[in-house]
Amino acid sequence: MKITEKCAVSIHYRLSDAKGQLVESSFEGEPMLYLHGAENMIPGLEAALEGKEQGDVLDVTVDAEQGYGAYHDGLCQEVPLSAFGDIEDIVPGMRFIAETEMGQRPVQVTEVKDDVVIVDGNHPLAGQTLSFNVEVLEVRTATEEEVAHGHIHAGSSCGGHEHSHEGGCCGGGEHEHNHEGGCCSDDETKEAKEGCDGNGGCGCRH
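These numbers were taken from a predicted model, which means no experiment stands behind them.

The rules we used
For every chain, the first residue of its written sequence is number 1, and the numbers climb from 1 along that sequence. Per-residue local features are limited, in this predicted model, to residues with pLDDT of at least 70; the limit for side-chain atom pairs, both in listing and counting, is 80 or more; totals at the level of whole chains, interfaces and linings are taken over all residues. Think of the side-chain values as coming from all heavy atoms in the structure, minus any hydrogens and water. Two strands form a pair only when DSSP identifies at least two bridges running between them. Here a strand is any run of E in DSSP of at least two residues, a helix any run of H or I of at least four, and the numbering for each starts at the N terminus. Throughout, an axis means a line fitted to C-alpha atoms (over the contacting stretch in the case of helices), and angles, computed between N-to-C directions, take values from 0 to 180 degrees. The salt bridge criterion pairs a side-chain nitrogen of Lys or Arg with a carboxyl oxygen of Asp or Glu, the two atoms within 4 Å. Remark: exposure states derive from per-residue accessible area (1.4 Å probe, protein chains only) relative to the maximum for the residue type, with buried under 20%, exposed over 50%, and partly exposed in between.

A. Region of interest: the sheet that holds strand S7 (residues 103-112). The strand order across the open sheet formed by four strands is S5-S8-S7-S6, and the pairing between neighbours is antiparallel. Looking at strand neighbours, the two that pair on one side only are strand S5 (76-80) and strand S6 (95-100), the edges of this open sheet. When strand polarity is set aside, the average angle formed by the axes of neighbouring strands in this sheet is 45 degrees. Two elements, S6 and S7, share six bridges in a ladder whose sense is antiparallel. Looking across to S7, one finds that Glu-99 is bridged to Gln-104.

B. Representation of the pattern of salt bridges in the model. Following the criterion strictly, the structure yields three salt bridges and no others. Measuring nitrogen to oxygen at the nearest pair gives 3.9 Å for the salt bridge that ties Lys-2 to Glu-53. Here Lys-2 is found in the segment before strand S1 (7-16), whereas its partner Glu-53 is found in the loop between helix H1 (43-49) and strand S4 (57-62), with 51 residues between them in sequence. Given the relative accessible area of 30%, Glu-53 is considered partly exposed. The residue Glu-146 makes a salt bridge to Arg-140 at a minimum N-O spacing of 3.2 Å. Of the two residues, Glu-146 and Arg-140, both sit in the buried class.

This is the structure:
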């Protein structure tokens, strides 16, 4: 079975950044499960997987435009320390949800000065050309419920594994956009589908 729209796909992958450094790998843990054609994954990698089938191994280079987009200097700004309220011990690397003109957006602390915190709203891999090594483990037709919800449900069997990986490649399962790497779509404007909690999890039990 070839990978097409509305397919549930299980893959292992390694992700390296523009410097060739390994950012993330699923080979030492659970494979990634995602719903093809539902924008669960960055466009460049999803396009490369179109038409592939179980057993295929491929190396994919994804430019910034088809990955996490260009780096925008305007998303890096100084915020008064007082804006963080009662939160103590703010250090670089901490992530917060900030209210912006474009709505809520995840930001990461990059520097802390005396009374000012510098935060960056860019994805950690924005502006970079990414390299993926991918192995397709299984391809199946997604259930009607999975298609309706727009992701593969945690606990759905695919590739002989019973749990989806937290974080990383797919937008389903328990994934939230707070990891350093991965290959999921980072569209923060998507609304939760009916019956879902908005983080890829579902309000229903399986």
